[in-house]
Amino acid sequence: MEIWINPACSKCRSAISLLDAEGADYTVRRYLEDVPSEDEIRAVLDRLGLEPWDITRTQEAAAKELGLKEWARDAGTRDRWVRALAEHPKLIQRPIITADDGTAVVARTDDAVRDALSR
């Protein structure tokens, strides 16, 4: 499994601590440094079963600058949202764990991390 983290994020640190406590085998991706491509974001969205606006941190400064709250949330704007996430990775909700069974979870709670571990 892989976990996308921002080391400055307390939720990410909590998820890592829980993974370590459970003895999980995982790799860390610091997604602000190792920025996911648009295709990688699409693949994670497919694994999550979510749309890009579902994993967008709309309170970030970049979101406000881009006016994301006013963007349409439909199939016609999906690529625009994905491009924004790739160009501004800070907008990606974190942490995201890609589980071994091909699924993924936004692991903001201990329960979500345990869910990923059980897959």
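Here is what the cut-offs are and how they apply
- Residues numbered from 1 in each chain as written.
- Predicted model: local features only at pLDDT ≥ 70, side-chain atom pairs only at ≥ 80, totals over all residues.
- Heavy atoms only, no water.
- Core = buried A, V, L, I, M, F, W, Y, C linked by side-chain atoms within 4.5 Å.
- Buried < 20%, exposed > 50% of the residue type's maximum accessible area, 1.4 Å probe, protein only.
- Helix = DSSP H or I, 4+ residues; strand = E, 2+ residues; numbered from the N terminus.
- Contact = heavy atoms within 4.5 Å.
- Phe/Tyr/Trp six-rings, centres within 6.5 Å; stacked < 30°, edge-to-face > 60°.
- Lys NZ or Arg CZ within 6 Å of the ring centre and 35° of its normal.
- Salt bridge = Lys/Arg side-chain N within 4 Å of Asp/Glu carboxyl O.
- pLDDT = per-residue confidence, 0-100.
- Pairing = 2+ DSSP bridges.
- Axes fitted to C-alpha atoms, helices over the stretch in contact; angles between N-to-C directions.

Student: When you look at the nonpolar core in this model, what are you seeing that I'm missing?
Tutor: Residues Ile41, Leu48, Ile55, Leu68, Leu85, Ile92 and Ile96 are the most contacted members of the largest nonpolar core, which totals 20 residues. Counting residues per element, the ones that place at least two in this core are α2 (38-48) and α4 (78-87). With five residues, α4 is the largest single contributor of residues to this core. If we skip the residues at most four places from it in the chain, isoleucine 41 touches Pro36, Val82, Leu85, Ala86 and Ile92.

Student: In this structure, what is going on with the packing of aromatic side chains? I would like to understand it.
Tutor: Two descriptors summarise a pair of aromatic rings, namely the distance from one centre to the other and the angle between the planes of the rings. Across all of its chains, the model carries three aromatic pairs by this definition. Ring geometry for tryptophan 53 against tryptophan 81: centres 5.8 Å apart, planes inclined by 70°, an arrangement best described as edge-to-face. You can see tryptophan 53 sitting in the loop between α2 and α3 (61-66) and its partner tryptophan 81 sitting in helix α4, a full 28 residues away along the chain. On the basis of relative accessibility, which here comes to 12%, the residue tryptophan 53 falls in the buried class. Among the residues examined, tryptophan 81 registers a relative accessible area of 0% and is labelled buried. Members of the aromatic cluster, connected to one another through ring pairs, are Trp53, Trp71 and Trp81. The ring of tryptophan 71 has arginine 80 lying over it, and the distance from NZ or CZ to the ring centre is 3.7 Å.

Student: Honestly, the pattern of salt bridges in this entry has me stumped. Any pointers?
Tutor: Where charged atoms of side chains with opposite charge meet at close range, the side chains can pair. For the coordinates displayed, the defined rule picks out nine salt bridges. In this structure, arginine 29 engages aspartate 34 in a salt bridge whose closest nitrogen and oxygen atoms are separated by 3.4 Å. The residue arginine 42 makes a salt bridge to glutamate 38 at a minimum N-O spacing of 3.3 Å. A residue pair is termed a helical-turn pair when its members lie 3 or 4 positions apart in one helix, as arginine 42 and glutamate 38 do in helix α2 at four residues.

Student: What is the right way to look at the confidence of the model for the protein chain in this model?
Tutor: Interpretation of this model should avoid reading the predicted coordinates in detail wherever pLDDT is low. Taken as a whole, the protein chain shows an average pLDDT of 96; of its residues, 100% reach a score of 70 or greater. Of all secondary-structure elements in the protein chain, the lowest mean pLDDT belongs to helix α5 (residues 110-117), at 94, while α4 reaches the highest, 98.

Student: Looking at this model, I keep getting lost on the environment of arginine 13. Mind explaining?
Tutor: Of note, arginine 13 is situated in helix α1 (residues 10-21). The exposure class assigned to arginine 13 is partly exposed, which follows from its relative accessible area of 44%. C-alpha separation for the pair arginine 13 and proline 95, spaced 82 residues apart in sequence, amounts to 9.0 Å.

Student: How should I be thinking about the sheet that holds strand β3 (residues 96-98) in this particular structure?
Tutor: Within a beta sheet, neighbouring strands are joined by backbone hydrogen bonds and run either parallel or antiparallel to one another. The four strands lie next to each other as β2-β1-β3-β4, forming an open sheet whose pairing is mixed. What marks the edges here is a single partner per strand, and that holds for β2 (27-30) and β4 (104-106). Across the sheet, the mean angle from the axis of one strand to that of its neighbour is 20°, orientation sign disregarded.

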